[in-house]
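Structural overview for review
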Amino acid sequence: MTDLITAPTIAPPRSAVLDDAHIGDIKGAFGTIKLGETAPRAGLSPKLKTLLAVVGPGLIVMCGDNDAGAFSTYGQTGQNYGTSLLWVLLLLVPVLYVNQEMVVRLGAVTGVGHGKLILERFGRFWGAFSIIDLFLLNALTLVTEFIGITLAVGYLGLPKLPSIVAAAAVVIGAASTGSFRRFERVAMLLCFGSLILIPIALMMHPSAGQLASGFLIPTMPGGASQLSTVMLLVIGLVGTTVAPWQLFFQQSYVIDKRITTRFLKYEKADLWIGIVIVIAGAAAIIGFAYTATRGTAAAGNFSDAAGLASAIAAKGGHLLGILFAIALLDASIIGAFAVSLSTAYAIGDVFGVNHSLHRGVKQAKGFYGVYVGVIALAAGIVLIPNAPLGLITNGVQAMAGVLLPSASVFLLLLCNDKEVLGPWVNGRKTNLFTATVLGVLVMLSVILTASVLFPAITADQIVGIMVGCAVVGLGAGGYALRHRGAARVIDRTGAEDWRMPPLAELGKTELSAGKRIGMGALRSYLVISALLVIVKVIELTLASH
């Protein structure tokens, strides 16, 4: 452990801190930074020590992203379609960074969680939708984490019930000690465990040429009869790689770790480290899933991650199958940590109860009550016999992809709110990129909806939908630029010391009639799309039986 001890402690600026445990020294897994520390970091050693103290939020949220659902979705991608969809991962890299950088900025500047900001700035109606979406989707996602645990221990030959209870005890126990540092050390150890995927991939020897081709040459595998299923998988790739819970988790975790704007560049470096690991892990799973099943009866017939482990063992030896099962167990526990904490942080924020890992159970009963409750619920659900675990997992990832535009709309609005971010508001380039991403996400959900309603849809019709969405998007963008007037000038003077004032001093943001109509239409459409995802998953479940 490294310690940075310099300037004496000073009082933080008046700001909207909801739990006073969020003020104090940064106590990371690998170092400490004292509150009020202002010494310049001129050399490599001080900068490295600072990075070691700050690292954590970005790495944990990204490793939590490569969770049980990701193993299933990436495994299905490689086993059923080879390396042909790797290009989707490459396109998601800037999306991952921009989305997570915005919530990191929101957390460091405001000291308030994502759900609470939506509630306070947009009112109870939109705040309730946001929290309900998060709670339901997180509950389903947490079920997939315990499905992953079940599949892993089943492959390893361990008894199901005791293993589920033991895993739940680990997830609950590590977060309930009242020590933020102790939790982060456990989480970081699990993050390092996720690197097991790399030697598995190296020993399976996937074709470097095919991997490169998959990344660089976009293709859509399968014929017209498979198009709706492929689109479901593409949206699942988006949903498992850029999930709504990540926005809520990282913003709250940055706040709980007490990271301020002074250390944002180090947190951005932490985020990039996490992104590299998540994309490398995803590519590794897709690559060795394809290599393990190519030319066998399992090719094109993904069932679940345990089936993939058997295929890996048959191709590369029993040891590789065991390593894959251990990696799946590790990933499922990291995901359970992150998703359950995301829920508990959001509920604590919105209802105004203590919500910090710096507090023990007695000091934050509501926070830990929610945390334990959602874990117990998910662990109980996976014990129900004969559930279609693989399809449930992929359905949840697709649902996350469908609902992501709703979360991203609020993120974009908050990051352009001068009362919330002051000199830290988005610049023009960030807004253009994020708006484009939103348009693409909505377009994907439109294609999915059309594919479910019309299973015989052709590639030409898909292209027509894309062109139509592009025309509508360009029209909406042109209208926005025309009515926005001259580009605003952002004064970033004194940004390092600027913090959002207490919430009581802020009112609700005024939404134009056009924004209210647009948000209402988007919400209605996404509800319909989510229902259609459920229909598609049910169809696939019935077909599998």
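The model shown is predicted, which means the values in this text are computed figures rather than measured ones.

**A closer look at the overall build of the chain**
Check the secondary structure of the chain and you find 21 helices and three strands. The proportion of buried residues among the 545 residues of the chain is 57%. Here the analysis covers contacts within the chain between residues at least 6 apart in sequence; of these, 87% occur between residues at least 24 apart. Looking at the chain as shown, the accessible area adds up to about 21600 Å², and 69% of this sits on carbon and sulfur atoms.

**Concerning helix 15 (residues 318-351)**
With 34 residues, helix 15 ought to run about 50 Å at 1.5 Å a step, and its terminal C-alpha atoms sit 50 Å apart, in line with that. Extensive coverage of helix 15 is indicated by the burial of 27 of its 34 residues. Two residues or fewer after helix 15 comes G352, characterised by a positive phi angle close to 70 degrees.

**Quick word on the packing of helix 4 (residues 86-110) against helix 10 (residues 208-216)**
Axis separation between helix 4 and helix 10 bottoms out at 6 Å; the angle between their running directions is 55 degrees. Relative to helix 10, helix 4 is oriented oblique. The handedness of the crossing between helix 4 and helix 10 is right-handed. Contacts between helix 4 and helix 10 pair L86, W87, L89 and L90 from the former with L211, G214, F215 and L216 from the latter.

**Some thoughts on the pattern of salt bridges**
For the structure shown, the criterion picks out ten salt bridges. When the shortest N-O distance is used, the salt bridge between R359 and D19 registers 2.8 Å. Of this pair, R359 sits in the loop between helix 15 and helix 16 (365-381) while D19 sits in the loop between strand 1 (2-4) and strand 2 (26-28); the two residues are 340 residues apart in sequence, bridging distant segments of the chain. For the pair formed by R359 and D19, the shared burial category is buried. Each of the salt bridges in this network shares a partner with another, and the network as a whole consists of D19, D20 and R359.

**Section: the side chain of Q79**
With respect to the helices and strands, the residue Q79 is situated in helix 3 (residues 68-81). Judged by relative accessible area, Q79 falls into the buried class, the value being 6%. Polar side-chain contacts of Q79 include one of 3.4 Å to the backbone oxygen of N301.

**Quick look at the nonpolar core**
Counting residues in each nonpolar core, the largest one holds 164 residues, and the members touching the most others are F146, F288, F324 and L357. Take this core: its biggest share by element is 18 residues, from helix 15. Excluding residues that lie within four positions of it along the chain, L357 makes contacts with A175, G178, S179, F180, F183, Y253, D256, L341, Y345, F367 and Y368.

**Describing the environment of V242**
As for its position among the elements, V242 is in the loop between helix 11 (227-241) and helix 12 (244-256). Between the alpha carbons of V242 and M62 there is a distance of 9.4 Å; along the sequence they are 180 residues apart.

**A look at unusual backbone geometry**
With a phi angle near 55 degrees, H205 is a residue other than glycine that sits in the positive phi range. With respect to the secondary-structure elements, H205 resides in the loop between helix 9 (197-204) and helix 10. Of the residues examined, H205 reaches a relative accessible area of 62% and is grouped as exposed. Unlike most non-glycine residues, R258 shows phi in positive territory, near 70 degrees. On the secondary structure map, R258 appears in the loop between helix 12 and helix 13 (264-293).

**What about the side chain of H22?**
Relative to the elements of secondary structure, H22 occurs in the loop between strand 1 and strand 2. Ignoring sequence-local partners within four residues, the contact set of H22 consists of V17, I255, D256, R258, H355 and S356.

**Some words on the state of the cysteines**
Such a bond, covalent and formed between the sulfur atoms of two cysteines, is termed a disulfide. If you walk through the whole model with that rule in mind, you get zero disulfides. C191 takes part in no disulfide bond, and the closest cysteine sulfur to it belongs to C63, at a distance of 3.7 Å.

**Brief notes about the confidence of the model for the chain**
Counting all residues, the mean pLDDT for the chain is 84, and 88% of those residues have values of 70 or more. Counting contacts from residues 1-12, a segment whose pLDDT is below 50, to residues more than four positions away or on other chains yields 28 contacts.

Here is what the cut-offs are and how they apply
- Sequence order sets the numbering: in each chain, residues are counted from 1 along the sequence as written.
- Two thresholds apply to this predicted model, a pLDDT of at least 70 for residue-level local features and 80 or more for giving and counting side-chain atom pairs, whereas whole-chain, interface and lining totals are computed over all residues.
- Working from all heavy atoms in the structure, the side-chain values ignore hydrogens and water.
- Elements are defined by DSSP. Helices are runs of H or I of four residues or more, strands are runs of E of two residues or more, and each kind is numbered from the N terminus.
- The buried label goes to any residue with under 20% of its type's maximum accessible area, the exposed label to any with over 50%, and the partly exposed label to all in between, with areas taken from a 1.4 Å probe on protein chains only.
- Here, residues are in contact when the closest pair of their heavy atoms is within 4.5 Å.
- Computed by Shrake-Rupley with a 1.4 Å probe, the accessible areas treat only the displayed protein chains as cover when residues are assessed.
- One less than the residue count of a helix, multiplied by 1.5 Å, gives the span that helix is expected to have.
- Here the axes come from fitting lines to C-alpha atoms, over the contacting stretch only for helices, and the angles between their N-to-C directions go from 0 to 180 degrees.
- If an angle is under 35 degrees, it is roughly parallel; if it is over 145, roughly antiparallel; if it lies from 65 to 115, roughly perpendicular; otherwise it is oblique.
- Take the far helix as your reference; a near helix turned counterclockwise from it by less than a right angle gives a left-handed crossing, and one turned clockwise gives a right-handed crossing.
- For this analysis, a salt bridge means a side-chain nitrogen from Lys or Arg found within 4 Å of a carboxyl oxygen belonging to Asp or Glu.
- Distance and chemistry together define a polar contact, namely a pair of N or O atoms within 3.5 Å, with one atom able to donate a hydrogen and the other to accept it when in protein, and with adjacent residues in sequence counting only for side-chain atoms on both sides.
- Here, nonpolar core means buried Ala, Val, Leu, Ile, Met, Phe, Trp, Tyr and Cys residues that are tied together by side-chain atoms lying within 4.5 Å of each other.
- Cysteine sulfur pairs qualify as disulfides if the two atoms are within 2.5 Å.
- pLDDT is a per-residue confidence score from the predictor, ranging from 0 to 100.

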